[in-house]
Amino acid sequence: MIVYHASDMEVKNPDTSHSRKYLDFGPGFYVTVISEQAEKYAERFLRRGKDAWINVYELNEECLKQKITKFDSYDEQWLDYVMACRTGATPDDADIIMGGIADDQIFRTIDLYFSGLISKQDALQRLVYSKPNMQICIRSQAIINKFLTFKSSKKL
């Protein structure tokens, strides 16, 4: 499958060591199957006065036979998982995490919940009507090395 990664540089040799810790699914190399989602994320770099790149990879679907955690909706399990990761915890030993991204709208709800300003039930009620985008977090460098192949990049 073709996947996309937004960055402020061309990334021919992706790795997990440059990841920030407190992301939706914890540290790892993040990609998406949705090119428009990657482009929207890349626009954040442009707004900060940086270069913006879309890197394109082939992700061998054999990787889906590895340890995977997958979320199909913004539900309680997804919310608990994201909240744990955003506090620095690692909820499981999955090599790959797949599920919705906490974009600006979703993040506002998470932030209100995390701050204690709304309850978990209120947060879930707000999330129930949101259609998840798709992000894939590859936590394992071995998975990247074996299953992810750089194809091309373009500077926006």
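About the cut-offs
Residues numbered from 1 in each chain as written. Predicted model: local features only at pLDDT ≥ 70, side-chain atom pairs only at ≥ 80, totals over all residues. Heavy atoms only, no water. Pairing = 2+ DSSP bridges. Helix = DSSP H or I, 4+ residues; strand = E, 2+ residues; numbered from the N terminus. Axes fitted to C-alpha atoms, helices over the stretch in contact; angles between N-to-C directions. Buried < 20%, exposed > 50% of the residue type's maximum accessible area, 1.4 Å probe, protein only. Contact = heavy atoms within 4.5 Å.

(A) Main features of the sheet that holds strand 4 (residues 68-70). The sheet built from 4 strands is open, its strands ordered 2-6-5-4 with mixed pairing. Each edge of the open sheet is held by one strand with a lone partner, namely strand 2 (29-31) and strand 4. The sheet shows a mean angle of 15° between the axes of neighbouring strands, taken without regard to direction. Summarising the sheet, strand 2 and strand 6 (residues 135-138) pair through 3 bridges and their orientation is antiparallel. Paired with V31 across the bridge in strand 6 is I136.

(B) Summary view of the environment of V82. Note that V82 resides in helix 2 (residues 76-86). Residue V82 is classed as buried on the basis of its relative accessible area of 0%. Between the C-alpha atom of V82 and that of I138, which follows or precedes it by 56 residues, the distance is 15 Å. Once residues lying within four places of it in the same chain are set aside, the contact partners of V82 are D24, F25 and I110.

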